[in-house]
Amino acid sequence: MRVLLIEDDPQLVSYLRKALLESGAVVDDARDGKEGLLKASVADYDVLVIDRMLPGLEGLALLRTLRAAGNHTPALILSALGEVDDRVEGLRAGGDDYLAKPFAFAELQARLDALCRRRSGDAQPTCLRIGDLEMDLLGRRVTRGGREIPLQPREFRLLEYLLRHAGQVVTRTMLLEAVWDYHFDPQTNVIDVHISRLRAKIDKDFPSPLLHTVRGAGYVLRATG
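A quick note: this is a predicted structure, and the numbers were derived from the prediction, not measured.

Chemist: How do you make sense of the overall build of the protein when you look at a structure like this?
Modeler: Scanning the protein from N- to C-terminus turns up eight helices and 11 strands. Counting only C-alpha atoms and orienting by the principal axes, one finds that the protein spans roughly 60 × 35 × 30 Å. Within the protein, buried positions represent 44% of all 225 residues. Counting contacts in the protein only where the partners sit at least 6 residues apart, residues at least 24 apart contribute 55% of the total. On the protein, roughly 11,500 Å² of surface is accessible, and the fraction owed to carbon and sulfur atoms is 50%. Taken together, the 31 basic and 33 acidic charged side chains of the protein have centroids lying 5 Å from each other.

Now the structure itself:
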């Protein structure tokens with residue numbers, strides 16, 4: 001999930017950015033309405049999170065401008081204004097959902113997931129598998145041979161990407177772009193470290209390995225035998 005967070009409260013931005021990254025999202029942020037409008041107009045996002053009271057350009061005005069320009073990216077409005085009339089105004093301005101402050105992050109995440117599923121026509125699978133390895137995307141649970149495998153958020157995201165491209169060789173560049181959003185130098189060993197940890201968790205103590213290194217090319221998740 002690629003999220004644009006348009007919010008001027010630095011503490012809330014820091015909290016939401018950290019929580020969203022830990023959940024596997026890729027996050028960009030803008031601290032005022034004009035910057036948010038520019039970023040939303042020039043880049044492709046799965047969902048927008050827009051604070052209603054923004055400096056430079058108010059959140060609903062930003063949203064109306066995007067919709068008038070033909071940008072239909074799903075948008076969740078955040079606001080301290082939570083009365084019925086406020087929510088109606090936000091939805092009529094082009095918002096797809098409206099969440100009043102204060103809120104629980106779990107609810108925000110569930111609403112963002114729902115907006116993304118709605119955009120894709122609910123066509124995304126909720127379970128990925130190869131051989132006896134299964135990933136429950138909704139429950140964020142991984143098992144192999146019926147045994148649960150605990151994964152850290154980044155490991156989960158890495159395995160999800162490999163599962164979505166099972167049987168295909170994925171390069172380091174592809175992984176940096178999809179899993180780390182180019183936050184690290186391509187020469188870093190962060191991929192090797194995470195691949196090693198993931199391999200130890202999903203292949204150790206099992207008769208046949210699933211995660212293979214293709215020398216000079218990258219990695220592939222493939223069932224053998």
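Further notes follow.
Chemist: Teacher, can you tell me more about the environment of Gly90 here?
Modeler: Residue position: Gly90 is located in helix α4 (residues 84-92). Judged by relative accessible area, Gly90 falls into the buried class, the value being 0%.

Chemist: For this particular structure, what's the right way to read the sheet that holds strand β7 (residues 133-136)?
Modeler: Strands pair in a sheet through their backbones, by hydrogen bonds, and they do so in one of two ways: parallel or antiparallel. With antiparallel pairing, four strands are arranged side by side in an open sheet as β6-β7-β8-β9. Pairing within the sheet leaves two strands with one partner each, and these edge strands are β6 (127-130) and β9 (147-148). With respect to the sheet, helix α6 (residues 153-164) is in contact with β6, β7 and β8 (141-144), its orientation differing from that of β7 by roughly 115 degrees.

Chemist: Just checking my understanding: could you explain the packing of α6 against helix α7 (residues 172-179) for this structure?
Modeler: Packed helix pairs are characterised by how far apart their axes lie and by the angle those axes make with each other. Two numbers describe how α6 lies on α7: the axes approach to 10 Å, and their chain directions differ by 125 degrees. Judged on the interaxial angle alone, α7 and α6 are oblique. Pair α6 / α7 crosses with right-handed handedness. Contacts between α6 and α7 involve Arg154, Arg157, Leu158 and Tyr161 from the first element and Met174, Leu175, Ala178 and Val179 from the second. Grouping the constituent residues of the contact of α6 with α7 by class yields six nonpolar, no polar and two charged.

Chemist: Please explain the pairing of strand β5 (residues 97-100) as it appears in this structure.
Modeler: For a regular strand, side-chain orientation follows a simple rule: the groups alternate between the two sheet faces. When strand β4 (residues 75-79) meets β5, the two strands line up parallel, connected through four bridges. Residue pairing across strands places Leu76 opposite Asp97, the latter belonging to β5.

Chemist: Whenever I open this one, the side chain of Asp51 confuses me. Can you help?
Modeler: Looking at the secondary structure, you find Asp51 in strand β3 (residues 47-51). Within polar-contact distance, the side chain of Asp51 engages the side chain of Lys101 at 3.0 Å. With sequence-adjacent residues up to four places away left out, Asp51 is seen in contact with Ile6, Glu7, Asp8, Gly59, Leu78, Ser79 and Lys101.

Chemist: Please explain the nonpolar core as it appears in this structure.
Modeler: In a soluble, globular protein the nonpolar side chains are often hidden away together inside. In terms of nonpolar packing, the biggest core is built from 28 residues, with Leu133, Leu159, Leu175 and Leu221 touching the most fellow members. At the level of elements, β6, β7, α6, α7, α8 (190-202) and β11 (218-221) are the ones that each hand at least two residues to this core. When residues of this core are assigned to their parent elements, the largest contribution, six residues, is made by α6. Counting 20 residues, the second-largest nonpolar core is a separate cluster that includes Leu12, Ala25, Leu108 and Leu115.

Chemist: Which parts of the structure should I look at to understand the pattern of salt bridges?
Modeler: If the charged atoms of two oppositely charged side chains come close together, the side chains can form a pair. For the coordinates displayed, the defined rule picks out 19 salt bridges. Between Lys39 and Glu35 there is a salt bridge; the shortest N-O distance is 3.3 Å. A residue pair is termed a helical-turn pair when its members lie 3 or 4 positions apart in one helix, as Lys39 and Glu35 do in helix α2 (residues 33-42) at four residues. Residue Lys101 pairs with Asp51 through a salt bridge whose shortest N-O separation is 3.0 Å. With Lys101 in the loop between β5 and α5 (105-119) and Asp51 in strand β3, this pair connects stretches of sequence that are 50 residues apart.

Analysis parameters
Residues numbered from 1 in each chain as written. Predicted model: local features only at pLDDT ≥ 70, side-chain atom pairs only at ≥ 80, totals over all residues. Heavy atoms only, no water. Helix = DSSP H or I, 4+ residues; strand = E, 2+ residues; numbered from the N terminus. Buried < 20%, exposed > 50% of the residue type's maximum accessible area, 1.4 Å probe, protein only. Contact = heavy atoms within 4.5 Å. Areas by Shrake-Rupley, 256 points an atom, 1.4 Å probe, with all protein chains shown as cover. Lys, Arg positive; Asp, Glu negative; His and termini not counted. Charge placed at Lys NZ, Arg CZ, Asp CG, Glu CD. Pairing = 2+ DSSP bridges. Axes fitted to C-alpha atoms, helices over the stretch in contact; angles between N-to-C directions. Parallel < 35°, antiparallel > 145°, perpendicular 65-115°, else oblique. Left-handed = near helix turned anticlockwise from the far one by under 90°. Nonpolar A, V, L, I, M, F, W, Y, C, P; charged D, E, K, R; others polar. Polar contact = N/O pair within 3.5 Å; in protein donor to acceptor, adjacent residues only side chain to side chain. Core = buried A, V, L, I, M, F, W, Y, C linked by side-chain atoms within 4.5 Å. Salt bridge = Lys/Arg side-chain N within 4 Å of Asp/Glu carboxyl O.

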